[in-house]
Amino acid sequence: MIRRIGIEGGTGTGGQHLPFARAVEAGGWLMVSGQTPMKDGEVVEGGIIEQSRLAIQNCVDIMTEAGYGLKDVVHVTVILTDSRYFQSFNKVFKEYFGANPPARICAVADLVVDCKVEVDVTCYKAP
């Protein structure tokens, strides 16, 4: 069975409708869509530390809604817009995942949202 969380879609910059689920669960796996440092459809201003915290916290909030916790995270994808953000991002990442470090990829690329970081997570809990 596949369960889709947040299928009504979110609100993106400029109030645009985002046509994807916030997360999808299947067979004990939870895939959380990429999260940026947004609140109420607007990017929260700030440096890489503040933006990283909010992007990760947005993932955590969706995971919690779906019944998963940090201990269930098995993989994280991180996209930074500048490689100089790497060490600062790692400090924030450790605040969240220090006790239960997941596998991870971190890449540098342009983002379609005007922010510094995007994060997605994959979780697993035995069904």
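Quick note: structure is the one above.
Residues numbered from 1 in each chain as written. Predicted model: local features only at pLDDT ≥ 70, side-chain atom pairs only at ≥ 80, totals over all residues. Heavy atoms only, no water.

(A) Highlighting the environment of Glu95. Along the polypeptide, Glu95 turns up in helix α2 (residues 86-97). When its relative accessible area of 49% is taken as the criterion, Glu95 is described as partly exposed. Considered as a pair, Glu95 and Arg53 are 42 residues apart in the sequence and their alpha carbons are 9.1 Å apart. (Helix = DSSP H or I, 4+ residues; strand = E, 2+ residues; numbered from the N terminus. Buried < 20%, exposed > 50% of the residue type's maximum accessible area, 1.4 Å probe, protein only.)

(B) Structural context of the packing of aromatic side chains. A full pass over the atoms with the stated rule returns 3 aromatic pairs. With a centroid separation of 4.7 Å and an interplanar angle of 50 degrees, the aromatic rings of Trp29 and Tyr124 are classed as tilted. Taken together, the residues span a long stretch of sequence, with Trp29 in strand β3 (residues 29-35) and Tyr124 in strand β8 (residues 117-124) at a distance of 95 residues. Its relative accessible area of 32% is what places Tyr124 among the partly exposed residues. Arranged with centres 4.6 Å apart and planes meeting at 35 degrees, the rings of Phe93 and Phe97 form a pair that is tilted. A residue pair is termed a helical-turn pair when its members lie 3 or 4 positions apart in one helix, as Phe93 and Phe97 do in helix α2 at 4 residues. Judged by its relative accessible area of 4%, Phe97 is buried. (Phe/Tyr/Trp six-rings, centres within 6.5 Å; stacked < 30°, edge-to-face > 60°.)

(C) Quick look at helix α1 (residues 48-66). Along its 19 residues, α1 runs 27 Å from first to last C-alpha, staying within 8% of the 27 Å computed at 1.5 Å per residue. Buried within α1 are the following residues: Ile48, Gln51, Ser52, Leu54, Ala55, Ile56, Asn58, Cys59, Val60, Ile62, Met63 and Ala66. Just downstream of α1 lies Gly67, where phi reads positive at about 95 degrees. (Expected span 1.5 Å × (residues − 1).)

(D) Structural detail: α2. Taking 1.5 Å per residue as the helical rise, α2 with its 12 residues ought to reach 16 Å, and the 16 Å between its terminal C-alpha atoms agrees with that figure. Turning to α2, its buried residues number three or more, namely Phe89, Val92, Phe93, Tyr96 and Phe97. All buried residues of α2 project into a common sector of 120 degrees when viewed along the axis, lining one side. Seen from the buried face of α2, the exposed residues on the opposite side, beyond 90 degrees, are Gln87, Lys91 and Lys94. As for α2, its buried residues are in contact with α1, β6 (73-80), β7 (103-108) and β8. (Arc of directions from axis to C-beta. Contact = heavy atoms within 4.5 Å.)

(E) Expanded view of the packing of α1 against α2. Where α1 meets α2, the closest approach of the two axes is 9 Å, and the angle between their N-to-C directions is 35 degrees. Here α1 runs over α2; the crossing is right-handed. The residues of α2 that touch α1, namely those facing Ile48, Ile49, Ser52, Arg53, Ile56, Gln57 and Val60, are Ser88, Phe89, Val92, Phe93, Glu95, Tyr96 and Phe97. Per-class residue counts for the contact of α1 with α2 are 9 nonpolar, 3 polar and 2 charged. (Axes fitted to C-alpha atoms, helices over the stretch in contact; angles between N-to-C directions. Left-handed = near helix turned anticlockwise from the far one by under 90°. Nonpolar A, V, L, I, M, F, W, Y, C, P; charged D, E, K, R; others polar.)

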